[in-house]
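A look at the structure
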Amino acid sequence: MSTAERLNLVSVEEYLDGELASPVKHEYVAGVVYAMAGARNAHTIIATRITGALYARLRGRPCQPYNSDAKIRIRFPTPVRFYYPDASVICRPNPQADSFQDEPAVVVEVLSRRSRRIDEGEKKDAYLTIPSLRVYILVEQETAAVVAFRRTADGFVREVHRGMDAVLPLGEIGADLPLAEIYEGVEFAPEPDEEDPANF
């Protein structure tokens, strides 16, 4: 029996239909479906602040922010994948009847201990293959810092912005993100050890 047969791979159509009815969000990688873990309050606050700050700057303009309910389809050169980033900016949206976007200009993931390896590895590598993507942003929870992978003529370049006085420039969409807005109201503290049952 092949590996594919043992895994009972799910078609894209089955996945998309299932997501419309599912109370739990799932990501999709080459036929395999993964349930998404929940987030701590600090993560939710940061993601909401980012979406709100982008909305305030982009309202009435062609590029618009989307929250974590908008999944991104990645088609080439990797096998088909669907991810739910914490925030994104779309300048050329899919039809509103679709349940996903194909052409993000900006993708944002808020890091946690549980998601860091995937966000910095698998997801980064996949997102950077999207031709429309201009900036991939990783946002820390435990300190005021963001890492941006920005497309240049020589490929993606890594930038680090630290401190509450720092501003992440996003000239690609005619906006910027002050870290003071991203982290407003956030109490910086190390995430609890995920292995400790008392933390659940």
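An account of the accompanying structure is given in this report. (Residues numbered from 1 in each chain as written. Predicted model: local features only at pLDDT ≥ 70, side-chain atom pairs only at ≥ 80, totals over all residues. Heavy atoms only, no water.)

Brief notes about the pairing of strand β6 (residues 87-90)
The cut-off we apply is this: Think of it in three bands: with a 1.4 Å probe and only protein chains considered, a residue is buried below 20% of the maximum accessible area for its type, exposed above 50%, and partly exposed in between. In this text, helices come from DSSP runs of H or I with a minimum length of four residues, and strands from runs of E with a minimum of two, each type numbered from the N-terminal end. Here, any two strands with at least 2 DSSP bridges between them count as paired.
Along β6, one buried face is formed by Ala87 and Val89 and the opposite face, lined by Ser88 and Ile90, is buried too. Here three bridges tie strand β3 (residues 64-66) to β6, and the two strands are oriented antiparallel to one another. Paired with Pro65 across the two strands is Val89, which belongs to β6.

Concerning the sheet that holds strand β5 (residues 81-83)
The strand order across the open sheet formed by five strands is β2-β1-β5-β4-β7, and the pairing between neighbours is mixed. One side of each edge strand has no neighbouring strand; the edge strands of this open sheet are β2 (32-35) and β7 (100-101). The pairing of strand β1 (residues 26-29) with β2 spans four bridges and is antiparallel. When the bridges of β2 are listed, Tyr28 appears paired with Val33.

A look at helix α2 (residues 12-21)
Heads up, the condition is: Within this analysis, the arc is defined by the directions that extend from the helix axis to the C-beta atoms. In this analysis, two residues are considered to be in contact whenever any of their non-hydrogen atoms come within 4.5 Å of each other.
Every buried residue belonging to α2 is among Tyr15, Leu16 and Glu19, and all of these are buried. Seen end-on, α2 carries its buried residues on one side only, within an arc spanning 95°. Set apart from the buried face of α2 by more than 90 degrees, the exposed residues are Glu13, Asp17, Leu20 and Ala21. As for α2, its buried residues are in contact with β1, β2, β4 (71-74), β5 and β7.

Let's talk about helix α3 (residues 41-58)
Since the α-helix advances by 3.6 residues per turn, residues separated by three or four positions end up pointing in the same direction. Put simply, the test is: Expected helix span is taken as 1.5 Å per residue step, with the number of steps being one fewer than the number of residues.
In a regular helix each residue adds 1.5 Å, so 18 residues correspond to 26 Å; α3 covers 26 Å between its end C-alpha atoms and thus fits that length. Residues His43, Ile46, Ala47, Ile50, Thr51, Ala53, Leu54 and Leu58 constitute the buried set of α3. Down the axis of α3, the sector holding all buried residues measures 160°, keeping them to one side. Those residues of α3 that are exposed and angled more than 90 degrees off the buried face are Asn41 and Ala56. Looking one or two residues beyond α3, the residue adopting positive phi is Gly60, at roughly 80°.

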